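The lines below spell out each chain.
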Amino acid sequence: MKSYSIALIPGDGIGRDVTAAAWTVLETVAKQGDFCLAGTEFPWSCRFFKETGRMMPEDGIETLRRFDAILFGAVGWPAEVPDSVSLHGLLLPIRKAFVQYANIRPHRLLPGVRGPLRAESFDILCIRENTEGEYSGAGGRVHQGTLDEVAVETAIFTRAGVERILRFGFEQARSRHGKLASVTKSNAQKYSMVFWDEITRKLAAEYPDVAVTSYHVDALAARMIMAPESLDVVVASNLFGDILTDIGAAIQGGLGYAASANINPDRSAPSMFEPVHGSAPDIAHLGISNPIATIWSGAMMLDHLGEKDAAGRVMKALEATTAQGIGTAPGTESTQAITAAVVSALT
Ligand code: GGG
């Protein structure tokens, strides 16, 4: 029987509840199939930081490297650890170290889930560059605390980095409906974003079957609300992708439905699967967090591992659950009740 080793990092706040919920569903579908999931949980989080002074041990990356995949919950507990410390101490280093350069985020309405828009038949796949750009962490502050203080944060765009994410976007568009929206702000950012547009045009010649349109990020943000059904695959830089996918989450009913996969397309290191949402300290410990985004992310993990049938079964179970109205109104059912409904839809 095929076995996959999965590193589980529940992280902070609701990350713990939703990861446990997704794991219950994944273990159920594995038992029904002919494969096994061996999970190892790591306590890396803001609590771990308080105890050790680090978000993960010094050898954390090397520890994770031997796993087939990582299921991640959420990071952040700003009352105790600044968000800039927790994010740069856990999630971002994993994405960079494992060259998970493609962050894939699907946005569509599950049956029974009402979004805020009139348009209901959109199906957008956002691809966010995940290892460089505005989140490179390059910069510094001088003369701190004085009137002369200067803060510099440099966005880094490499030819290799931009080319590979755009190529990934073209390939995804080719495998879907053949449309790619490439997002920049090249009127205002005349170096990095003009560079991105140039590479988009160069690659477009290699993909004559893909209809590519370059949009400014503000126009694309409006389009996601006014005409989401006109979009297929959207590819954007780290920051723009981060922001646009919160719009994507909003139009699909909320962050509770927004799944994501941090993919290393070369498979030279593990990929990581996580809900788009953060740790939600305001509702942590209430037992009402929506596990659907994490369960959907788990389905993406199964798909990446090659367990396509199991991935499809989890998505069908999610759809059957929301179609019954379960998990469709925030805070109505407990995390446990939604999870139980998905598990029962699997059996
Ligand atoms: N589950 C994802 C999570 O914890 N997100 C927190 C966050 O702030 N993420 C920023 C990012 O995805 O770059």
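Before reading on, note that the structure itself is shown above.
Participant: Report on the overall build of the chain, specifying residues and quantitative values.
Facilitator: Counting its regular elements, the chain contains 11 helices and 12 strands. For 347 residues, the compact-globule estimate of 2.2 N^0.38 gives 20 Å, and the chain sits close to it at 20 Å. Referenced to the eigenvectors of the C-alpha coordinate spread, the extents of the chain come out at roughly 55 × 50 × 40 Å. Each of the 347 residues in the chain was classed as buried or not, and the buried ones make up 54%. In the chain, the share of contacts with a sequence separation of at least 24, taken over all contacts with a separation of at least 6, comes to 75%. Charge centroids of the chain, computed over 31 positive and 39 negative side chains, lie 3 Å from each other.

Participant: Please set out the site of the ligand residue by residue, giving values where relevant.
Facilitator: As a structural note, the neighbourhood of the ligand is formed by 15 residues, with G73, R128, E274, P275 and H277 the closest of them. Side-chain polar atom of R95 to an oxygen atom of the ligand: 2.9 Å apart, as the coordinates give it. In the model, an oxygen atom of the ligand is placed 2.7 Å from a nitrogen or oxygen of the R128 side chain. Contact with the protein chains hides 85% of the accessible area of the ligand, taken as 360 Å² for the molecule alone. Residue assignment for the shell around the ligand shows that the elements contributing at least two residues are β3 (69-74), α4 (83-97) and β12 (271-275). It is α4 that provides the largest number of residues to the shell around the ligand, a total of three residues. Here the residues of the shell around the ligand sort into seven nonpolar, three polar and five charged. In this structure, the shell around the ligand is formed jointly by two domains, domain 1 (1-101 + 252-347) and domain 2 (116-251), each of which donates at least three residues.

Participant: I'd like to hear about the packing of helix α1 (residues 14-32) against helix α11 (residues 335-346), residue by residue, with values.
Facilitator: Look at α1 against α11: their axes get within 10 Å of each other, and the N-to-C directions meet at 15 degrees. Relative to α11, the element α1 is oriented roughly parallel. Between α1 and α11 lies a crossing whose hand is right-handed. Between α1 and α11, the residues in contact are D17, A21, T24, V25, T28, V29 and Q32 and T335, T339, V342, V343 and L346, respectively.

Participant: Lay out the nonpolar core in plain terms, naming residues and giving numbers.
Facilitator: Counting 81 residues, the largest nonpolar core has I6, L37, L71, L220, L244 and L302 as its most contacted members. At eight residues, helix α9 (residues 292-305) tops the list of elements feeding residues into this core. When residues of this core are assigned to domains, at least three map to each of domain 1 (1-101 + 252-347) and domain 2 (116-251). Once you skip the residues sitting within four places of it in the chain, I6 turns out to touch W23, L37, A38, G39, T40, F67, A69, L71, M301 and L305. The next biggest cluster of nonpolar side chains, apart from the first, holds 21 residues, and it includes A7, I9, F42 and W44.

Participant: How would you explain the pattern of salt bridges if you had to name every residue and give the values?
Facilitator: According to the stated counting rule, one finds 14 salt bridges in the structure shown. Across the pair R141 and E149 runs a salt bridge whose closest N-O atoms are separated by 2.6 Å. E206 is the salt-bridge partner of R167, the closest N and O atoms lying 2.8 Å from each other. With R167 in helix α5 (residues 159-175) and E206 in the loop between α6 (192-204) and β9 (211-216), this pair connects stretches of sequence that are 39 residues apart. Judged by its relative accessible area of 27%, R167 falls in the partly exposed class. Among the residues examined, E206 registers a relative accessible area of 42% and is labelled partly exposed. One connected set of salt bridges, linked through shared partners, spans E163, R167, K202 and E206.

Participant: Can you lay out helix α8 (residues 238-251) for me, pointing to particular residues and giving the numbers?
Facilitator: For α8, with 14 residues, the first-to-last C-alpha span of 20 Å sits near the 20 Å given by 1.5 Å per residue. By the burial criterion, the buried members of α8 are N238, F240, G241, L244, T245, I247, G248, A249 and I251.

Participant: Describe a nonpolar patch on the surface, listing the residues and the values that go with them.
Facilitator: Where nonpolar side chains cluster on the molecular surface, the patch consists of V142, V150 and V152 and spans about 220 Å² of accessible area. Residue position: V142 is located in strand β6 (residues 133-142).

Participant: Describe in detail unusual backbone geometry, supporting the description with residues and values.
Facilitator: In this structure, A280 is a non-glycine residue whose phi angle is positive, near 45 degrees. Looking at the secondary structure, you find A280 in the loop between β12 and α9. One non-glycine residue, H285, lies in positive phi territory at about 75 degrees. Within the secondary structure, H285 sits in the loop between β12 and α9.

Participant: Account for the sheet that holds strand β10 (residues 233-236), naming residues and giving values.
Facilitator: An order of β2-β1-β3-β12-β11-β4-β5-β10-β8-β9 is seen for the 10 strands of this open sheet, with the pairing classed as mixed. Of all strands in the sheet, those with a lone pairing partner are β2 (35-41) and β9, marking the two edges. Here the strands of the sheet are splayed against their neighbours by 25 degrees on average, with no regard to which way each runs. As judged from the three bridges shared by strand β8 (residues 179-184) and β10, these two strands associate in the parallel manner. Of the residues in β10, the one forming a bridge with L180 is V233. Set on the sheet, α4 makes contact with β1 (2-11), β3, β4 (102-108), β5 (123-129), β11 (259-263) and β12; between it and β12 the angle comes to about 140 degrees.

Cut-off values and rules
Residues numbered from 1 in each chain as written. Predicted model: local features only at pLDDT ≥ 70, side-chain atom pairs only at ≥ 80, totals over all residues. Heavy atoms only, no water. Helix = DSSP H or I, 4+ residues; strand = E, 2+ residues; numbered from the N terminus. Rg over C-alpha atoms; globule rule 2.2 N^0.38 Å. Buried < 20%, exposed > 50% of the residue type's maximum accessible area, 1.4 Å probe, protein only. Contact = heavy atoms within 4.5 Å. Lys, Arg positive; Asp, Glu negative; His and termini not counted. Charge placed at Lys NZ, Arg CZ, Asp CG, Glu CD. Near = heavy atom within 4 Å. Polar contact = N/O pair within 3.5 Å; in protein donor to acceptor, adjacent residues only side chain to side chain. Areas by Shrake-Rupley, 256 points an atom, 1.4 Å probe, with all protein chains shown as cover. Nonpolar A, V, L, I, M, F, W, Y, C, P; charged D, E, K, R; others polar. Domains from an automatic or database assignment. Axes fitted to C-alpha atoms, helices over the stretch in contact; angles between N-to-C directions. Parallel < 35°, antiparallel > 145°, perpendicular 65-115°, else oblique. Left-handed = near helix turned anticlockwise from the far one by under 90°. Core = buried A, V, L, I, M, F, W, Y, C linked by side-chain atoms within 4.5 Å. Salt bridge = Lys/Arg side-chain N within 4 Å of Asp/Glu carboxyl O. Expected span 1.5 Å × (residues − 1). Patch = residues over 30% accessible without salt bridge, like charges linked within 9 Å, V, L, I, M, F, W, Y side chains within 5 Å. Pairing = 2+ DSSP bridges.

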